[in-house]
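Spelled out, the chains give:
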Amino acid sequence: MQTETRNENLIFKIPKSLKEGTKFPFCPGCDHGVAVRLVAEILDEFNLREKTIAVSSIGCSVMLYDWVNTDCVEAPHGRALAAATGVKRTNTDKCVFTYQGDGDFASIGLAESMHAALRGENITAICINNTTYGMTGGQAGPTTIMGQVTTTSPTGRNKEYYGYPIKIAEQIALCEGTAFAARGSLDTVLNIRKTKELIKKAFEVQLQGLGFGFVEILSSCPTNWRMTPQESHERIRKELFSVYPLGVYKE
Ligand SMILES: Cc1ncc(C[n+]2csc(CCOP(=O)(O)OP(=O)(O)O)c2C)c(N)n1
Ligand code: SF4
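Residues numbered from 1 in each chain as written. Chains lettered and ligands numbered in written order. Predicted model: local features only at pLDDT ≥ 70, side-chain atom pairs only at ≥ 80, totals over all residues.

J.: Looking at this structure, I do not really get the overall build of the protein. What am I missing?
T.: Tallying secondary structure elements over the protein gives 10 helices and 7 strands in all. Relative to the globule expectation of 18 Å for 251 residues, the C-alpha radius of gyration of the protein, 18 Å, shows essentially globular dimensions. Split into buried and exposed, the 251 residues of the protein put 49% on the buried side. Summarising the internal contacts of the protein: among those between residues at least 6 apart in sequence, 67% fall at separations of at least 24. (Helix = DSSP H or I, 4+ residues; strand = E, 2+ residues; numbered from the N terminus. Rg over C-alpha atoms; globule rule 2.2 N^0.38 Å. Buried ≥ 20, exposed ≤ 12 C-beta atoms within 10 Å, placed from the backbone. Contact = placed C-beta atoms within 7 Å.)

This is the structure in structure tokens:
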């Protein structure tokens with residue numbers, strides 16, 4: 001008779017920093033789930049679960065509050081980094097991070113985001129760039145690329161009517177208070193691994209008290225892009241990498 005051998009290290013486990021038994025809150029194939037898991041794995045690895053206060057925002061990223069197994073506050077409508085500033089300044093021994101969409105971070109809350117970086121707040125900020133307002137139905141957002149068709153740019157984004165997209169990581173890197181700014185992607189396993197290293201760095205600078213740590217993550221929105229998950233990852237490679245190059249912009 002054959003004996004079954006199990007290598008426990010190869011069995012996928014839910015990080016302790018995520019609540020077990022929570023229903024997957026995102027659309028099938030959405031990369032938000034991968035991004036949240038990476039953050040949770042890092043909190044586990046740094047043994048930060050008991051010391052962390054998460055700040056969720058508005059948009060699909062708000063689902064973080066149902067899922068993360070740390071203390072959490074919600075600061076909707078672009079105010080995540082303003083709220084996180086207060087949370088961190090009154091709890092200097094805690095690890096504080098925000099989890100925001102590109103619309104929340106770079107349009108609705110651009111002033112709050114930019115000024116937190118300029119002030120060098122000792123906070124980690126994660127921004128999911130899916131080039132659209134996901135939760136509200138796929139409208140054009142600050143990161144919608146030129147020519148992209150959305151529900152509010154039915155003939156594609158053009159400079160005359162909509163202006164140009166914002167390159168968030170590059171802009172945040174220009175702020176003097178920024179200690180770390182980078183852009184990763186979730187389109188392949190390799191890029192997921194690299195993105196995890198970038199998020200780790202953004203937490204490390206906070207733990208070392210160096211200032212604002214930021215990672216922008218290129219992420220799919222299969223529902224509003226009207227694509228399969230596979231096609232969405234293809235789109236990231238074909239259309240987004242040239243506009244939003246991956247890499248570290250400030251360290
Ligand atoms: C000032 C303001 N305008 C509009 C809205 C409506 N709103 C709620 S969620 C959302 C989309 C957020 O999109 P994004 O941050 O890109 O996150 P995603 O849903 O794509 O993850 C919008 C526009 C709002 N909450 N506040
Ligand atoms: S609408 Fe888009 S970003 Fe939001 S959960 Fe669905 S696929 Fe993800």
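Further notes follow.
J.: Just to check I follow, could you spell out the sheet that holds strand β7 (residues 247-250) for this structure?
T.: The pairing of strands in a sheet happens through backbone hydrogen bonds and is either parallel or antiparallel. Taken in spatial order, the 7 strands of this open sheet run β2-β1-β3-β4-β6-β5-β7, and their pairing is mixed. A strand with exactly one partner marks an edge of an open sheet, and here the two such strands are β2 (71-74) and β7. For this sheet the average axis-to-axis angle between neighbouring strands, irrespective of direction, equals 20 degrees. Inspection of the sheet shows strand β4 (residues 124-129) paired to strand β6 (residues 212-218) by 6 bridges, in the parallel sense. Looking at the pairing, C127 lines up with E216 of β6. (Pairing = 2+ DSSP bridges. Axes fitted to C-alpha atoms, helices over the stretch in contact; angles between N-to-C directions.)

J.: Please explain the packing of helix α3 (residues 80-90) against helix α5 (residues 110-119) as it appears in this structure.
T.: When two helices pack together, their arrangement is captured by the angle between the axes and the distance separating the axes. Taken N-terminus to C-terminus, the directions of α3 and α5 make an angle of 40 degrees; their axes are 7 Å apart at the nearest point. By the angle between their axes, α3 is oblique relative to α5. The segment α3 lies against α5, with L81, A82 and T85 engaging E112, S113 and A116. (Parallel < 35°, antiparallel > 145°, perpendicular 65-115°, else oblique.)

J.: Mind showing me how you'd approach the site of ligand 2 here?
T.: By nearness alone, every residue bordering ligand 2 is listed as F26, C27, C30, H32, C60, N130, G134, M135, C221, P222, T223 and N224. Tallying contributions element by element places helix α9 (residues 222-225) first for the shell around ligand 2, with 3 residues. (Near = placed C-beta within 6 Å.)

J.: Just to check I follow, could you spell out the site of ligand 1 for this structure?
T.: Lining the immediate surroundings of ligand 1 are 18 residues, of which G59, G101, G103, D104 and G134 lie closest. The element that contributes the greatest number of residues to the shell around ligand 1 is helix α4 (residues 102-108), accounting for 4 residues. Across the shell around ligand 1, the residue classes tally to 6 nonpolar, 10 polar and 2 charged. (Nonpolar A, V, L, I, M, F, W, Y, C, P; charged D, E, K, R; others polar.)

J.: Would you mind going over the environment of A140 with me for this structure?
T.: Along the chain, A140 falls in the loop between β4 and α6 (159-162). Among the residues examined, A140 registers 24 C-beta atoms within 10 Å and is labelled buried. With 26 residues separating them in the primary sequence, A140 and I166 have C-alpha atoms 12 Å apart. If sequence neighbours within four positions are ignored, A140 has contacts with T150, T152, S153, R157 and Y162.

J.: I'm lost on the nonpolar core in this one. Help?
T.: One broad trend across soluble globular proteins is that nonpolar side chains are buried collectively. One finds V39, F97, I126, I199 and F214 to be the most contacted residues of the largest nonpolar core, which totals 62 residues. Here this core takes 7 residues from helix α1 (residues 32-45), the largest share from any one element. Dropping the residues within four chain positions of it, V39 is found in contact with Y99, I126 and I199. (Core = buried A, V, L, I, M, F, W, Y, C linked by C-beta atoms within 7 Å.)

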